[in-house]
Structures are given as structure tokens and as C-alpha cells.
Number of protein chains: 2
Amino acid sequence: MGKVKVCAFAVSLDGFGAGPSQSLENPLGVRGTELHNWFFKTKTFQKMHGGGDGGVEDVDNAFAERSFDNIGAWIMGRNMFGPIRGHWPNNKWRGWWGENPPYHTPVFVLTHHKREPLEMDGGTTFYFVTDGIESALKKAKDAAKGKDIRVGGGVQVIREYLKAGLIDELHLVYSPIFLGSGENLLSGIDMPKLGFSVIEKAYTKDAMHVVLSKNK
Amino acid sequence: MGKVKVCAFAVSLDGFGAGPSQSLENPLGVRGTELHNWFFKTKTFQKMHGGGDGGVEDVDNAFAERSFDNIGAWIMGRNMFGPIRGHWPNNKWRGWWGENPPYHTPVFVLTHHKREPLEMDGGTTFYFVTDGIESALKKAKDAAKGKDIRVGGGVQVIREYLKAGLIDELHLVYSPIFLGSGENLLSGIDMPKLGFSVIEKAYTKDAMHVVLSKNK
């Protein structure tokens, strides 16, 4: 039975998983890209984004690589899929990632607005789920066929799954920056009370990695 | 002119500078001591607490040592001085640290309740300040004679000085633990907006050190 996981999710030291004022130009919010300095330089990222064989193979890369291992389905919020709010005006928006998105699995997009599934190159199909997080998780489990489910984000989606007790494991990447405002990942969420403890930690010059898992 | 500094202040990854339920037995709150694992092993800590010449001399120790450099006066909250709340029943409580506290400077203790100064061994004198944080800072500056002022804590005292714009520099030590509740250091405080940016960072197996300073 697969786990429900959050992987490679970057957070600022003051707790923000995205900066303020998200927009088409700043999908991660103002200064949000600074959260991901640990990731951009890695071989995994470079390979995913046309950098060929470039990129470093360090501890950051090992975590980046692992974050795609054994994933059978993804779940993400609508804002992670695109900048459009409200009803879909048409079917033109096909995600931030071009015709071959880096998922290569079914991806369940949480939205209040129905839309037909969208089949992309490379094995990614976006399914739009309008009946809530538990329904999306059930669909993802069926699709994953025993592999893990990765809850990709954004912050609000992870918070909802956490508070509902539906996450088994989180790999968080603390970046040495302070955003000051934006979307706070854990504000008001008591991780020890939810049963989580740190089972793994690692440090690089760009990040502190921690893996939290539920005590069974 | 000396700086007003917070040094070697440990914070959990979910933002807490002390655990919940502080008491005589748990002056740092439940699990609060885990925040300081980076510090206990250091030569600086061992020397201060009777460990002789033991302790490691690593990056953590270098930061610990620096945190006592060039300090001319300390400011701390009453809860950092002791567990007594309300009026002083008598003068018996002389701090957590025995007859020779690790300060060796004047220490200004913020309280609502008057008490005579308390002279200890080794150059530490505790002065009890009842007319607010700005008055305490003025007294500390006079006493420090051009050296730096260290605002020791606890969390609420640092928050008050931060929000009043009176801190020049902070060295925070992020420990890879999640406390879940307790006293949150930066909740609702926008460090970039206050003018702070990260000017130094370092990583050890027990902590991520960051130094924030005001852009001048």
C-alpha cells in the first residue's frame, strides 16, 4: 500500500511555502523562487527542464531525485496548475510546464469548476476533481496501483490534507531566507500532536532537509 | 556605539523559541531543551557549566563563543530570570545560574515589580527595571560603555524589542525539531519589512545558523 507524501517542499525560515502576491509572472509569489535555490542547481532539475546532463549530484540532488521515486499519482491545488481563478473560460491553459509535464502519472487537480481530463505527452493526464480532498485522494489511490501518492501543493492543499490526518510523510526543505509574509505552511498546525516526528535530517549549504513521519 | 543584538537564540523549525508549559522543572517549556542540542556539546557551554576543558570546537562552538564577545550589558525578561510570577515574596530567588552567573556584566531584568539590585560573583549584577523596554535599553546602553547590548530573551521580550525597531542584529539557530506549540518567535513579524536580511549562514549537523542584520 503506497504512502501519501509531501516531497521536496521548500519553506522559508519564517515558515512560508510561497511568497505574497502570486501572479502569472510570480507563480511562487514575490521572492518565492528563492525558496528553491537548493533545487535549481541539481541534476534532477536540470534534466527535467532541458539542462541536459548538467547540474550537481549532491545531497540536494539525492533528495530531489527521491522525490520522484515510486510516485503513482499526484494531487495538486488549482493554483499550482495555473493562474486562472473561477470558471475555466476555455481549455487553453494546459499547465505551467509545456506539453510534457514532469509528472508522468495521473495528476488530480482540486478545483470547484468542472473540466474534462487533459492528456499530455509523457504519461501525464490532468484530472479535475470537484468533490473535495478525500475524493481526490481516493481517485489518486486507485490510479497509483499501490505506489505512493505525492501531494504537490500548494500550501493550502498541504494544510488541508495535514489537518485531515491524511499525510503519512513529509520531506520539507528549509531555505535560509525570510519572506515576511505569504502562505504559512504550519501556522496553527501542531505536528507532534498529529503524530509526526523527524526521522531523517540532512544539511547542505543551501538547505536543511527534514523528513517527518507518523509514529506508527 | 554598540549594537543591540540577539545572539545564539534557538528556534524550532515550526518557529518556537520555547516549548509549552514552562515551569521550575521545565524552564524552557516541555521539550524546550531539545532546542539547544547544538549548544550543550560545545566547549563554550562546557566551560561555562563546569565541564572543564571538554566540549567540541566546531562551527557551533564558534557561534556560541561569539555570542559572548564584546557584550557590555544584557537585557532579559523576568521569566528568563526565574519562575516566580507577580510580587517578589522575598529576595531568595537569585537566578537559575548559581552564585556566579555566566553574564559577567550588568543584567537588566524587565519586571512589573520593584526589587533592589542583586550583585553576584564574577561581575554580574541584576537590575530590576519596572518602567519598560525603552528605559531598560537606555540603562543598558549607559552601562555598556560603547560595547554591545545582548537581548537574551525570552521570546516575548525579543518580540517586543523587534516590533519597536530596537534590534540591530539577530543570530538565530534553527534546530531540526518541531515543538508544535509554545512561544512563537516571529509569528506576525515581517523581518524583511523591518529591514532585516540574512548576512551570514552556516550549517552543522545540529543546526542552521543565520545572522540577520538591518540594511543600513
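Everything below is about the structure printed above this text.
These figures come from a predicted structure and were not determined experimentally. (Residues numbered from 1 in each chain as written. Chains lettered and ligands numbered in written order. Predicted model: local features only at pLDDT ≥ 70, side-chain atom pairs only at ≥ 80, totals over all residues.)

Caption draft 1: Geometry of the overall build of chain A. Along chain A, the regular secondary structure elements total six helices and eleven strands. A principal-axis box enclosing the C-alpha atoms of chain A has dimensions of 45 × 40 × 35 Å. Here chain A holds 216 residues, and the buried ones make up 41% of them. Residue pairs at least 24 apart in sequence account for 64% of intrachain contacts in chain A once pairs closer than 6 positions are excluded. (Helix = DSSP H or I, 4+ residues; strand = E, 2+ residues; numbered from the N terminus. Buried ≥ 20, exposed ≤ 12 C-beta atoms within 10 Å, placed from the backbone. Contact = placed C-beta atoms within 7 Å.)

Caption draft 2: Region of the structure containing the nonpolar core. Judged by nonpolar contacts, the single largest core of 110 residues is most densely connected at F9(A), Y174(A), F9(B), I75(B) and Y174(B). Residues in contact with I75(B), not counting those within four places in the same chain, are F108(B), L110(B), A136(B), L137(B), A140(B), I149(B), V151(B) and G152(B). (Core = buried A, V, L, I, M, F, W, Y, C linked by C-beta atoms within 7 Å.)

Caption draft 3: Local environment of the sheet that holds strand β1 (residues 4-12) of chain B. All names here are of chain B. Strands sit in the order β5-β6-β4-β3-β7-β1-β8-β11-β10 across an open sheet of nine strands; the sheet is mixed. Unpaired on one side and paired on the other, β5 (118-119) and β10 (196-203) mark the two borders of the sheet. Of the pairings in the sheet, the one linking strand β3 (residues 71-77) to strand β7 (residues 148-153) comprises five bridges and is parallel in character. Bridging across to β7, I75 finds its partner in V151. Taken strand by strand, helix α5 (residues 133-144) contacts β1, β3, β4 (106-110), β6 (125-129) and β7, and its axis lies near 160° from that of β3. Relative to the sheet, helix α6 (residues 155-163) contacts β1, β3, β4 and β7, its axis offset from that of β7 by approximately 130°. (Pairing = 2+ DSSP bridges. Axes fitted to C-alpha atoms, helices over the stretch in contact; angles between N-to-C directions.)

Caption draft 4: Summary view of the relation of the copies chain B and chain A. Each copy superposes on the other: chain B lies on chain A with an RMSD of 0.0 Å after a rotation of 180° and an axial shift of 0.0 Å. Given the turn and translation reported, the copies of this chain are related as if by a two-fold rotation axis. Both copies contact each other with a shared surface, as 100% of the interface residues of chain B are interface residues in chain A too. (Least-squares fit on C-alpha atoms with pLDDT ≥ 70 in both.)

Caption draft 5: Representation of the interface of chain B and chain A. In this assembly, 22 residues from chain B lie in contact with 22 residues from chain A. It is β10(B) that provides the largest number of residues to the side of chain B that touches chain A, a total of four residues. Taken together, the residues that form the side of chain B that touches chain A break down as 14 nonpolar, three polar and five charged. (Nonpolar A, V, L, I, M, F, W, Y, C, P; charged D, E, K, R; others polar.)

Caption draft 6: The arrangement of the pairing of β4(B) in detail. Residue and element names in this part refer to chain B. In terms of burial, β4 is largely enclosed, as five of its five residues are buried. With burial as the criterion, each face of β4 is covered, one bearing P106, F108 and L110 and the other bearing V107 and V109. Pairing between β3 and β4: four bridges, direction parallel. Each bridged residue has a counterpart across the sheet, and for G77 the counterpart in β4 is L110.

Caption draft 7: Structural detail: the environment of A8(A). All names here are of chain A. With respect to the helices and strands, A8 occurs in strand β1 (residues 4-12). A count of 25 C-beta atoms within 10 Å places A8 in the buried class. In this structure the C-alpha to C-alpha distance between A8 and V173, which are 165 residues apart in sequence, comes to 6.1 Å.

Caption draft 8: The sheet that holds strand β11 (residues 208-214) of chain A, seen in detail. All names here are of chain A. Here nine strands make up an open sheet; going across it, the order is β5-β6-β4-β3-β7-β1-β8-β11-β10 and the pairing mixed. Of all the strands in the sheet, just β5 (118-119) and β10 (196-203) have a single pairing partner and so form its edges. Alignment of β5 against strand β6 (residues 125-129), held across two bridges, turns out to be antiparallel. Residue pairing in the sheet places E119 in a bridge with T125 of β6. Together, β1, β3 (71-77), β4 (106-110), β6 and β7 (148-153) form the strand contacts of helix α5 (residues 133-144), whose direction differs from that of β3 by roughly 160°. Strands in contact with helix α6 (residues 155-163) are β1, β3, β4 and β7; relative to β7, the strand with the most contacts, it is inclined by about 130°.

Caption draft 9: Main features of the pairing of β1(B). Residue and element names in this part refer to chain B. Of all nine residues making up β1, eight are buried, and the element is well covered by its neighbours. Relative to β7, β1 runs parallel, the two being bridged by two bridges. Bridge pairing in β7 places K5 opposite R150. The pairing of β1 with strand β8 (residues 169-175) spans six bridges and is classified as parallel.

Caption draft 10: Highlighting unusual backbone geometry. Following G153(A), the chain continues into G154(A) via a peptide bond in cis, with omega recorded as -5°. The phi angle at H104(A) is positive, at roughly 60°, despite the residue not being glycine. Relative to the assigned elements, H104(A) resides in the loop between α4 (78-81) and β4. Within the chain, R31(B) stands out as a residue other than glycine whose phi angle is a positive 65°. Looking at where R31(B) falls in the secondary structure, it is placed in the loop between β2 (16-18) and α1 (37-40). For R31(B), a count of 20 C-beta atoms within 10 Å gives the class buried.

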